[in-house]
Amino acid sequence: MNRLILIPYPKHVELNDGSLDCRRVKLVGDDCFAAKDFIDYITGLGYCAADDGVAISYSLNPALALDKEGYTIDIKEDGIDISACSEAGIRYALCSLRQLMHNYEGVLPLCRIDDEPYLKYRGMLLDSGRYYYPKQDVLKLIDLCYYHKLNVLHWHLTEDQGWRIQIDKYPLLTEKGSRRSHTNFGIRSHGGYYTKQDAREIIRYANDRGVEVIPEIDLPGHTQSALACYPYLGCFGRKLKVATHWGVKHDVLCAGKESTYEFVFDVLGEIIELFGGNTKYIHIGGDEVFRHRWSFCPHCQATIEKEGLKDEQELQAHFMSRVCDYVAGKGFIPVVWNGIDCDKRVHESAVWQYWSDEQGGSDELVRKFAGESGGYINSNSEYAYIDFPYGTTSLKKSYAFDPMPSGLPEDKLVGAELTLWTEYVPDFKTACVRLLPRTCALSEAMWLKGDKDYAEFERRLMPVARYLKREGYKVSPMRVANPCGLRGALQKAWFGRRVMHWQGLHNLIDDASVERKYKRKR
């Protein structure tokens with residue numbers, strides 16, 4: 001099938017005979033970021049903007065029956081006309097045209113494009129908690145979102161292994177909590193954090209490219225970096241260090257002390273003030289919480305009794321419900337991971353982000369919760385976890401991703417998200433190898449609804465890969481992205497070996513020590 005070379009592919013394309021030489025162009029329309037970016041890009045290709053060039057006219061037409069991010073491009077013998085009902089549509093039209101200029105070497109096929117996204121929320125998660133990525137690398141990843149028409153950067157900012165965002169009221173979080181002495185069995189320290197000014201610059205850069213930045217402060221687990229700074233936040237005031245090994249830690253925030261909630265609300269208050277102008281969502285984590293400490297904590301047990309809760313599982317639901325109440329009370333929508341492992345709805349406005357059945361709450365249960373509350377974001381780890389080796393999640397498998405889970409009302413699907421966790425992705429170069437070309441596949445799954453033809457996608461991918469390489473991104477070759485059986489099996493085995501580390505044994509020993517000491521006191 002003869003199709004336009006463009007990723008993600010538009011909703012509707014009508015190809016006509018003939019072509020238009022666009023190596024000299026003239027933009028006709030109001031100044032905007034996308035127009036300047038387009039001219040800068042084609043100039044870099046060796047083409048030029050000139051008054052006698054082919055006219056590319058773009059304008060707003062509120063009467064268009066398209067989504068606010070939708071657009072039309074009409075490439076005719078006498079020029080190019082672009083229409084959209086919002087600036088977002090103009091931005092994506094020029095983004096598409098930018099890629100076409102590369103893929104067709106400036107001589108574009110005559111065609112009519114009518115395009116709009118399948119999903120309104122199309123995201124990429126960046127985990128800066130495990131590894132700090134310098135600001136310039138974050139900006140390059142935002143560019144990657146723009147090129148793929150992804151409109152959300154979900155920024156995971158806190159972890160057991162590092163706290164990455166400035167909080168004025170609790171300066172130790174970054175002075176101490178942003179640095180660990182070493183990583184796993186290495187000897188080099190690792191650290192770094194983003195000032196509020198850094199965050200503002202990143203948000204502004206992202207918003208110019210149509211990308212919304214959603215912060216995540218993971219609670220009440222994944223918080224050892226905070227406990228290392230302020231021991232009173234834990235159940236027993238233990239003196240801990242910022243975690244140095246991967247794996248989920250068993251020391252979490254105490255769910256029974258009011259001082260914990262004061263800390264959480266203070267932190268989220270500053271986060272909302274910093275990010276709130278660009279997003280309506282605040283992600284508060286909630287997954288992989290080991291409730292072992294709560295079993296022996298007098299504060300937690302007193303809260304269970306006071307609130308009439310059945311057990312520590314319901315205490316977790318109580319904790320998350322209070323935090324959701326705070327976020328919702330500030331006028332924002334709380335987002336939580338499905339690993340909350342609760343048997344009741346946490347909050348009526350909460351959006352549930354699904355990743356796996358492995359850690360609490362089956363997909364069926366999450367769909368039920370999402371149907372009763374704010375909706376569902378699909379980050380199914382089988383397809384969308386791109387920190388996994390290609391032997392686990394090949395390009396072909398990622399392309400098969402269907403964001404719409406069965407049994408969920410369509411109006412409850414908020415969107416989908418690909419996730420870059422960074423335990424084994426320590427730098428930007430490694431991130432590119434994992435992201436590309438899987439981001440191409442997943443972005444198309446989020447943008448275009450309907451049947452898929454992988455072979456046809458792969459044909460379009462080759463020139464798009466060259467387009468991305470020209471922008472400075474390293475793209476995994478096809479033999480890596482779709483490994484043979486033996487190569488894939490070795491990758492999968494090696495990754496599995498790496499994630500099995502001694503920290504699990506350490507957790508068991510530490511649990512036994514805590515139990516001996518505090519069970520007796522209880």
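Residues numbered from 1 in each chain as written. Predicted model: local features only at pLDDT ≥ 70, side-chain atom pairs only at ≥ 80, totals over all residues. Heavy atoms only, no water.

Before going further, it helps to spend a moment on empty space enclosed by the protein. If you walk through the whole model with that rule in mind, you get one cavity of 30 Å³ or more. Here the largest cavity is characterised by a volume of approximately 80 Å³. Residue lining of the largest cavity: Leu227, Pro231, Gly234, Cys235, Phe236, Gly237, Arg238, Leu240, Asp251, Val252 and Arg293, and that is the complete set. Classifying every residue of the lining of the largest cavity by side-chain character gives six nonpolar, two polar and three charged. (1 Å grid on protein atoms, 1.4 Å probe; cavity = no way out; pocket = protein on both sides within 12 Å on 5 of 7 lines; lining within 4 Å. Points joined across faces, edges and corners; volume = space filled by probe spheres on them. Nonpolar A, V, L, I, M, F, W, Y, C, P; charged D, E, K, R; others polar.)

The next subject is the layout of surface pockets. To find leftover empty space, one rolls a probe the size of a water molecule over the atoms. A volume near 470 Å³ is recorded for the second largest pocket. Here the lining of the second largest pocket gets three residues from one element, more than from any other, and that element is helix α2 (residues 87-103). (Helix = DSSP H or I, 4+ residues; strand = E, 2+ residues; numbered from the N terminus.)

The subject of this paragraph is a nonpolar patch on the surface. A surface patch of nonpolar side chains, amounting to about 330 Å² of accessible area, comprises Leu505, Leu508 and Ile509. Relative to the helices and strands, Ile509 resides in helix α19 (residues 503-521). (Patch = residues over 30% accessible without salt bridge, like charges linked within 9 Å, V, L, I, M, F, W, Y side chains within 5 Å. Areas by Shrake-Rupley, 256 points an atom, 1.4 Å probe, with all protein chains shown as cover. Salt bridge = Lys/Arg side-chain N within 4 Å of Asp/Glu carboxyl O.)

Attention shifts here to the nonpolar core. Among the nonpolar cores identified, the biggest contains 164 residues, and Ile80, Ile82, Leu97, Ile165, Leu268 and Leu435 are the most heavily contacted of them. With ten residues, the top contributor of residues to this core is helix α7 (residues 258-275). With eight residues, the next largest nonpolar core counts Ile214, Tyr281, Ile377 and Val414 among its residues. (Core = buried A, V, L, I, M, F, W, Y, C linked by side-chain atoms within 4.5 Å. Buried < 20%, exposed > 50% of the residue type's maximum accessible area, 1.4 Å probe, protein only.)

Attention now goes to the sheet that holds strand β6 (residues 79-84). Here seven strands make up an open sheet; going across it, the order is β1-β7-β5-β6-β4-β2-β3 and the pairing mixed. The open sheet has two free edges, formed respectively by β1 (12-21) and β3 (48-49), since each of these has just one partner strand. Here seven bridges tie β1 to strand β7 (residues 107-115), and the two strands are oriented antiparallel to one another. Note on β7: the bridge partner recorded for Val13 is Ile113. Here helix α1 (residues 33-44) sits on the sheet in contact with β2 (24-28), β3 and β4 (54-60), set at roughly 175 degrees to β2. α2 contacts β4, β5 (71-76), β6 and β7 of the sheet and is inclined by roughly 40 degrees relative to β5. (Pairing = 2+ DSSP bridges. Contact = heavy atoms within 4.5 Å. Axes fitted to C-alpha atoms, helices over the stretch in contact; angles between N-to-C directions.)

With that settled, the discussion passes to helix α15 (residues 438-447). Within α15, ten of the ten residues are buried, which leaves it mostly tucked inside the rest of the structure. For α15, the full list of buried residues reads Arg438, Thr439, Cys440, Ala441, Leu442, Ser443, Glu444, Ala445, Met446 and Trp447.

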